[in-house]
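Structure assessment
Now for the letters of each chain:
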Amino acid sequence: MEDFESAADQDARSGRRALVVGAGIAGLAAALRLHQQGWDVVIVERASTRRSSGYLLNLHGPGYDAAERLGLVPALTRRDIGFFTSILVHADGREKLRIPAAVTEAAVGDRALSLFRGDLESALYDAVAEFADIRFGTTPQAIVQTPGEVTVTLSDGTRLQGDLLVGADGVHSRVRELVFGIESDYFVDLGHMVGAFPLHTVPEHISEGFGTTFIGPGRTAAVMNLGPQRSSAFFTYRCPDPNAELSLGAQPALTQAFGDLGGGVAEALHQLDPATAYFDTVGQIVTDRWSRDRVVLLGDAAWCVTVFAGYGAALALDGADRLGSALAAHEEDIPAALAAWEASLRPEVRKRQALARKGISRFAPPSRTHVWAGELMLRAIQLPGIRTLVRRSIQRANN
Ligand SMILES: Cc1cc2nc3c(=O)[nH]c(=O)nc-3n(C[C@H](O)[C@H](O)[C@H](O)COP(=O)(O)OP(=O)(O)OC[C@H]3O[C@@H](n4cnc5c(N)ncnc54)[C@H](O)[C@@H]3O)c2cc1C
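Calculation notes
Residues numbered from 1 in each chain as written. Predicted model: local features only at pLDDT ≥ 70, side-chain atom pairs only at ≥ 80, totals over all residues. Heavy atoms only, no water. Near = heavy atom within 4 Å. Polar contact = N/O pair within 3.5 Å; in protein donor to acceptor, adjacent residues only side chain to side chain. Areas by Shrake-Rupley, 256 points an atom, 1.4 Å probe, with all protein chains shown as cover. Helix = DSSP H or I, 4+ residues; strand = E, 2+ residues; numbered from the N terminus. Domains from an automatic or database assignment. Buried < 20%, exposed > 50% of the residue type's maximum accessible area, 1.4 Å probe, protein only. Pairing = 2+ DSSP bridges. Contact = heavy atoms within 4.5 Å. Axes fitted to C-alpha atoms, helices over the stretch in contact; angles between N-to-C directions. Parallel < 35°, antiparallel > 145°, perpendicular 65-115°, else oblique. Left-handed = near helix turned anticlockwise from the far one by under 90°. Phe/Tyr/Trp six-rings, centres within 6.5 Å; stacked < 30°, edge-to-face > 60°. Core = buried A, V, L, I, M, F, W, Y, C linked by side-chain atoms within 4.5 Å. Buried area = accessible area lost by both parts, 1.4 Å probe. Salt bridge = Lys/Arg side-chain N within 4 Å of Asp/Glu carboxyl O.

**Here's the deal with the site of the ligand**
- Residues in close proximity to the ligand total 33 residues, the closest being Glu45, Tyr55, Asn58, Arg117 and Asp300.
- Residue Gly312 places a main-chain N or O atom 3.1 Å away from a nitrogen atom belonging to the ligand.
- Between the ligand and Ala313, the relevant distance is 2.9 Å, taken from an oxygen atom to a main-chain nitrogen or oxygen of the residue.
- Within the complex, the protein chains bury 92% of what would otherwise be the 1000 Å² of accessible surface of the ligand.
- Secondary structure elements with two or more residues in the shell around the ligand: α2 (25-36), β3 (40-45), β4 (56-60) and α12 (312-329).
- Counting only domains with at least three residues in the shell around the ligand, you end up with domain 1 (3-70 + 118-187 + 284-359) and domain 2 (81-113 + 189-283 + 360-398).

**A word on unusual backbone geometry**
- Here Gln229, not a glycine, exhibits a phi torsion of approximately 60°, which is positive.
- Topologically, Gln229 is positioned in the loop between β15 (219-225) and β16 (232-238).
- The class for Gln229 is exposed, based on a relative accessible area of 68%.
- Of note in this structure, Thr306 is not a glycine but carries a positive phi near 85°.
- With respect to the helices, strands and loops of the structure, Thr306 is situated in the loop between α11 (300-303) and α12.

**Regarding the sheet that holds strand β18 (residues 291-292)**
- The strand order β8-β3-β2-β12-β19-β18 describes an open sheet built from six strands, whose pairing is mixed. If you trace the sheet from one side to the other, it starts and ends with β8 (133-136) and β18, each paired once.
- Pairing between strand β2 (residues 17-21) and β3: five bridges, direction parallel. By the bridge assignment for β3, Arg17 is matched with Asp40.
- Docked against the sheet, α2 engages β2, β3 and β12 (164-167), running at close to 170° with respect to β3.

**Some remarks on the packing of α2 against α12**
- One can describe the packing of α2 onto α12 by two numbers: an axis separation of 8 Å at closest approach and a directional angle of 30°. Comparing the axis directions of α2 and α12 gives the class roughly parallel. The chirality of how α2 crosses α12 is right-handed. From α2, Ile25, Ala26, Ala29, Ala30, Arg33 and Leu34 reach across to α12, where they touch Ala313, Ala316, Leu317, Ala320, Asp321, Gly324, Ser325 and Leu327.

**Let's talk about the side chain of Thr151**
- Within the secondary structure, Thr151 sits in strand β10 (residues 149-154).
- With a relative accessible area of 13%, Thr151 lands in the buried category.
- Polar side-chain contacts of Thr151 include one of 3.5 Å to the side chain of Gln161.
- Residues contacting Thr151, with those up to four places away along its chain left out, are Ala142, Ile143, Val144, Arg159, Leu160 and Gln161.

**Re the packing of aromatic side chains**
- For the structure on display, the rule yields nine aromatic pairs.
- Here a set of aromatic residues connected by ring pairs shows up, and it is made of Phe197, Phe235, Tyr237 and Phe258.

**Description of the nonpolar core**
- Residues Ile43, Trp303 and Leu317 are the most contacted members of the largest nonpolar core, which totals 78 residues.
- Here this core takes nine residues from α12, the largest share from any one element.
- Among residues more than four places away in sequence, those in contact with Leu317 are Ile25, Ala29, Leu59, Gly63, Ala66, Ala67, Leu70, Leu72, Leu120 and Leu124.
- Listed in part, the 25 residues of the second largest apolar core include Val223, Phe258, Leu269 and Phe279.

**Here we look at the domain arrangement of the protein**
- Under the domain assignment, the protein is made up of domain 1 (3-70 + 118-187 + 284-359) and domain 2 (81-113 + 189-283 + 360-398).
- Put simply, the middle of domain 1 and the middle of domain 2, counted by C-alpha atoms, are 29 Å apart.
- Carbon and sulfur atoms make up 59% of the surface buried where domain 1 meets domain 2, a total of about 2400 Å² over both sides.
- Applying the counting criterion to the domain 1 and domain 2 interface returns three salt bridges.
- Glu68 is the salt-bridge partner of Arg111, the closest N and O atoms lying 2.7 Å from each other.
- The interface formed by domain 1 and domain 2 holds 10 residue pairs in polar contact (both at pLDDT 80 or more) in total.
- For the side of domain 1 that touches domain 2, the elements supplying multiple residues, two or more each, are β4, α3 (62-69), β17 (278-285) and α13 (334-363).
- Considering each element in turn, the side of domain 1 that touches domain 2 owes the most residues, seven residues, to α13.

The following block contains the structure:
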């Protein structure tokens, strides 16, 4: 089946048209921002339906500011989970120390949101569903550019033309592969795995409003009880051969790495459903260009900063918002708009990628001494003077 948009169809459409590949946070945010300034938007998503699965993520600093500019804060505030008390535990689950919710809140400030990834995606989806033409269950097979337009051929035989194509299809981007080249040229493996998934049954051993975290040499496991439909588990560990872990699969690999831990970890792992779990290698995408003519990469497809930065969703929103501004400022010249956009965003992405590489030792300390030093830091944060220093350093990172 080939569905090729005719010239008459193109004449009939008003204004400019963006083809967005990927209905994740970056793609939906770009669709929203471009629609807000008069573009027609078609979204192409490989999954057959919407994915609403989740892990916990935080939005503060420029990520919160971008959500505000996109008009999302009221919808996100309704879904905000808020801060919770973290309990650092021994391997058998016994408590070592606790960091009350108020301490985290004082450090991060009140312009912050704690959300399930799926809830952020839902808020964006609700905002774009009315206007965007969303094609589920299909993926780009070829992308051809001429000076005036870009044409994408999809796996279902459809061919679409537009003025701009946004590749927001995540760290393993197909758009990047088609336009820039194979993933191995851009993927920088950080030598760790990450797994995160929602808990359908609230963890019994942990009181509501609390999360337990075990940090040992080379690994971290966290289980959070934030009530029904709000509880989740998070794991990350160092590993020499990420591909072997991927072949093993999420549950066997995570059980092998964390099955010895007490404190509700085993129960959480029993609940892992591969359909809703995130399980992948941790790697950054490093490219010297995010656009080629009328094709631009956005979000993890362009710059994946990784979970160790805790900032990818924030950058996806900020990047989408800035993309809209750049296209508005250079209406007649898309390549110039994309170059200006990239120049405005590069320093922030570089900073976040560097912070992520530095942050690895917080999630997977190289030795027992590093574990001990990290605990000392966490104890110190509770002292009022140190708390102020931490707040200032978070503010500095966000400026
Ligand atoms: C455990 C964990 C915790 C995190 N915590 C935080 C945090 O606290 N704060 C924060 O800001 N960030 C956090 N992040 C990072 C953040 O979740 C990501 O950076 C962000 O979701 C990236 O969004 P994206 O839209 O670029 O990519 P994705 O979310 O990966 O979306 C890509 C979309 O494209 C679709 N797609 C993929 N391939 C194709 C294809 N070939 N054709 C069509 N469609 C395709 C996918 O199905 C998906 O819908 C965390 C990440 C993890 C894993």
